[in-house]
Amino acid sequence: MEAAPNAYERVLAEDRRVIREALRSSRGGAHFGLVVTALALGAVGYLEGPKWPLIIGGVFAVWFALALAVVRRRGGRSGKAIERAYIATFGWAQWL
């Protein structure tokens, strides 16, 4: 039989919950991140030519593929796995 958590463990659990909630991203934030990324790549492409947008776009594509592989390996399935990888790739814009 497992003992009830002590006060220290309860405080740590609450702190972890608060941090998880603060770092949570949404699909709306990911959509915004995709738009910001596309606009930034378009601006860089207009000013500097296609080299850097292709490189940066490739980095985002690799990041998405790695996130999708991790989600799939952890048991994510089909559309839900793609959504989680999309949020992992572009969800950063929620904090802008």
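Residues numbered from 1 in each chain as written. Predicted model: local features only at pLDDT ≥ 70, side-chain atom pairs only at ≥ 80, totals over all residues. Heavy atoms only, no water.

### With respect to a nonpolar patch on the surface
Moving on, step 1. Taken together, the side chains of Phe32, Trp92, Trp95 and Leu96 define a hydrophobic patch exposed on the protein surface, amounting to about 460 Å² of accessible area.
Moving on, step 2. Tracing the chain through its elements places Trp92 in the segment after helix H4 (78-90).
Moving on, step 3. The partly exposed category is assigned to Trp92, whose relative accessible area is 31%. (Patch = residues over 30% accessible without salt bridge, like charges linked within 9 Å, V, L, I, M, F, W, Y side chains within 5 Å. Areas by Shrake-Rupley, 256 points an atom, 1.4 Å probe, with all protein chains shown as cover. Salt bridge = Lys/Arg side-chain N within 4 Å of Asp/Glu carboxyl O. Helix = DSSP H or I, 4+ residues; strand = E, 2+ residues; numbered from the N terminus. Buried < 20%, exposed > 50% of the residue type's maximum accessible area, 1.4 Å probe, protein only.)

### Some words on H4
Moving on, step 1. The first and last C-alpha atoms of H4 sit 19 Å apart over 13 residues, in line with the 18 Å expected at 1.5 Å per residue.
Moving on, step 2. Along H4, the positions that sit buried rather than exposed are Ala81, Glu83, Ala85, Tyr86, Ile87, Thr89 and Phe90.
Moving on, step 3. Buried residues along H4 sit against helix H2 (27-48) and helix H3 (51-73). (Expected span 1.5 Å × (residues − 1). Contact = heavy atoms within 4.5 Å.)

### Concerning the pattern of salt bridges
Moving on, step 1. Tallying each qualifying case throughout the model produces 3 salt bridges.
Moving on, step 2. Ionic pairing is found between Glu14 and Arg17, a salt bridge with its closest N-O pair at 2.6 Å. On the criterion of helical spacing, the pair formed by Glu14 and Arg17 is a turn pair, its members being 3 residues apart in helix H1 (residues 7-23).
Moving on, step 3. The partly exposed category is assigned to Arg17, whose relative accessible area is 41%.
Moving on, step 4. The partner of Glu83 in a salt bridge is Lys80, and the shortest N-O contact between them spans 3.8 Å. Highlighted residues: Glu83 and Lys80, both in helix H4, separated by 3 residues, approximately one helical turn.
Moving on, step 5. Each member of the salt-bridge network shares a partner with another, and the members are Arg27, Lys80 and Glu83.

### Topic: H3
Moving on, step 1. Over its 23 residues, H3 runs 33 Å from end to end, which matches the ideal 33 Å to within 8%, given 1.5 Å per residue.
Moving on, step 2. Here H3 has its buried residues at Pro53, Ala67 and Val71.
Moving on, step 3. Gly75 lies just past H3 and shows a positive phi near 105°.

### A few points about the packing of H2 against H4
Moving on, step 1. Relative to each other, H2 and H4 sit at 55°, their axes nearing to 8 Å. The orientation of H2 relative to H4 falls into the category oblique. Considering how the two elements wind past one another, H2 and H4 form a crossing that is left-handed. From H2, Arg27, Gly29, Ala30, His31, Gly33, Leu34 and Thr37 reach across to H4, where they touch Glu83, Tyr86, Ile87 and Phe90.
Moving on, step 2. Looking at side-chain class alone, the contact of H2 with H4 contains 5 nonpolar, 4 polar and 2 charged residues. (Axes fitted to C-alpha atoms, helices over the stretch in contact; angles between N-to-C directions. Parallel < 35°, antiparallel > 145°, perpendicular 65-115°, else oblique. Left-handed = near helix turned anticlockwise from the far one by under 90°. Nonpolar A, V, L, I, M, F, W, Y, C, P; charged D, E, K, R; others polar.)

### Comments concerning the confidence of the model for the chain
In low-pLDDT regions, the fine details of the predicted coordinates are not to be read closely.
Moving on, step 1. Chain-level statistics for the chain give a pLDDT mean of 86 and a share of 93% at 70 or above.
Moving on, step 2. The lowest-confidence element of the chain is H1, averaging 79 in pLDDT; the highest-confidence one is H3, averaging 94. (pLDDT = per-residue confidence, 0-100.)

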